[in-house]
Amino acid sequence: MRKYKQKTVYHYCSAETFMSIISNGTLRACNIRKSNDYTEVINCIDVFMISMRNALRIYENENKDDSVFCEFIKDLDTDWLIETAIDNETCTYYCVCFSEAQDLLSQWRGYADNGSGVAIGFDDHFFDRTTDYCNMKYCPVEYNLPGVKSDLTRYIYNRIKKTHDVKKDLLTCSDYESTLSLIINAMVYNAIFYKNDAFSEEREWRLVYYPFGSVRNLSIRHKTNEMATHQLYYDKMDDIAKYDTQHKGLQRKPVQFMLRDKSITSYVDLSFREVLPYCIREIVLGPKNVMDDLDLRLFLTENGIDLSFTKIVRSASTYR
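Thresholds applied
The numbering scheme is per chain: residues are counted from 1 as the chain's sequence reads. Where local features are concerned, this predicted model is filtered to residues with pLDDT of at least 70; where side-chain atom pairs are given and counted, the filter is 80 or more; whole-chain, interface and lining totals use all residues. Hydrogens are left out, water is left out, and the side-chain values use all remaining heavy atoms of the structure. Each pair of aromatic rings taken from Phe, Tyr and Trp, with Trp reduced to its six-membered ring, is defined by centres within 6.5 Å and is described as stacked if the planes are under 30 degrees apart, edge-to-face if over 60, and tilted in the remaining cases. By the criteria applied, helices consist of DSSP H or I runs no shorter than four residues and strands consist of E runs no shorter than two, each listed in order from the N terminus. Here, a charge over a ring is recorded when the distance from Lys NZ or Arg CZ to the ring centre is within 6 Å and its angle to the ring normal is within 35 degrees. Any two cysteine sulfur atoms lying within 2.5 Å of each other are counted as a disulfide. Exposure classes here rest on a 1.4 Å probe applied to the protein chains alone. A residue is buried below 20% of its type maximum, exposed above 50%, and partly exposed in between. Multiplying 1.5 Å by the helix residue count minus one yields the expected span of that helix. In this context, the arc is that of the directions from the helix axis out to the C-beta atoms.

**Q** Explain the packing of aromatic side chains to me, please; I cannot follow it from the model alone.
**A** Both the distance between ring centres and the angle between the ring planes are used here to describe each pair of aromatic rings. Under the criterion given, the structure shown has 18 aromatic pairs. Look at F122 and F272: their rings are 5.5 Å apart centre to centre, the planes differ by 75°, and that puts the pair in the edge-to-face class. Of this pair, F122 sits in strand 4 (residues 118–123) while F272 sits in the loop between strand 10 (263–271) and strand 11 (280–285), and the two are 150 residues apart along the sequence. An aromatic cluster of at least three residues, connected via ring pairs, comprises F98, F122, F127, Y138, W205 and F272. For the cation-ring pair, K195 lies above F199, with the distance from its terminal atom to the ring centre recorded as 4.8 Å.

Below, the structure written as structure tokens:
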């Protein structure tokens, strides 16, 4: 992952969505499982599977005297484990997308009403500070999947070796099982931050809300507990549906619903009212945007935007 450095990132949207975002002071995090973007998450499975198989094969070849490991992998189906983890309904991503690009034609076409919309430039410091690596994460998208495969293979190998070196004579198959479970959880958790390099011009960052956080994979995490396996899962559902949660400047509102293609689809609004007016650095009007300058400034002022701080510019793209 690229190292974080404070910057302006742009959320491309239609004029109607722009007015809603500013009026309500919220960004809508959509359920990726119900959108085309979920195919990107699923596409990462192949990278994970290959990396896992490579790491296990290399470790086995280099440690043939490790009888515990040989016993552990004898009937192990890592492909099935990864598929099961990513299909688990507790692995749900609510996502808001941004771009480092201030004025990118493909973004205007794809996300801003064919150029008639707006790109809202946010100071991403306010997103980065919400990252807790459990329920909220702000991170750049990684496009170098071959490099990811190599790095992941090395990471998995090192984690397995560390398990062996720490446990030594006390090592059991359960130790390797726990290590593999943690590795798979981490891979699935981060799957949303990987895309094919064909999309690299987007220079995308994502703010992701994980509603179930550490409640993922309850059947593994709590299989030795006396409590009902899914009790924490249902408790978390109740919390998401009824209560707000504060995330250092952003407030997660209770889950809401809409009909899409005759199916119920959930979404989560993230309020940034607390960090107005300084979270919005720039408003970029699309190449086909026809908003009146005075009305736009009056609208922004009425909604708490400080025009001495927030710059308004028009796209330099020529697009008809």
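From this point, the discussion proceeds with the structure in view.
**Q** What exactly am I supposed to notice about unusual backbone geometry here?
**A** With an omega of 0°, the peptide bond running from L276 to P277 counts as cis. Residue position: P277 is located in the loop between strand 10 and strand 11. A positive phi angle, close to 45°, is found at R203, a residue other than glycine. Here R203 lies in the loop between helix 8 (173–190) and strand 6 (204–209). Positive phi values are uncommon outside glycine, yet K262 reaches one of about 65°. Mapped onto the fold, K262 is located in the loop between strand 9 (256–260) and strand 10.

**Q** It is not clear to me how the state of the cysteines should be interpreted in this structure. Could you clarify?
**A** Following the criterion strictly, the structure yields zero disulfides and no others. Free of any disulfide, C139 has its nearest cysteine sulfur in C95, 11 Å distant. The class for C139 is buried, based on a relative accessible area of 10%.

**Q** Help me out: how do you make sense of helix 7 (residues 145–167) in this one?
**A** When the terminal C-alpha atoms of helix 7 are compared, their 33 Å separation across 23 residues agrees well with the 33 Å that a helix rising 1.5 Å per residue should span. Listing the buried residues of helix 7 in full gives L145, G147, V148, L152, T153, I156, Y157, I160 and T163.

**Q** Explain helix 1 (residues 15–24) here, please?
**A** An α-helical turn contains 3.6 residues, so a residue and the one three or four places further along point in the same direction. Of the positions making up helix 1, those classed as buried are A15, F18, I21 and I22. The arc that holds the buried residues of helix 1, viewed along the axis, is 120°, so those residues lie on one side. Following helix 1 by one or two positions, G25 has its phi on the positive side, about 65°.

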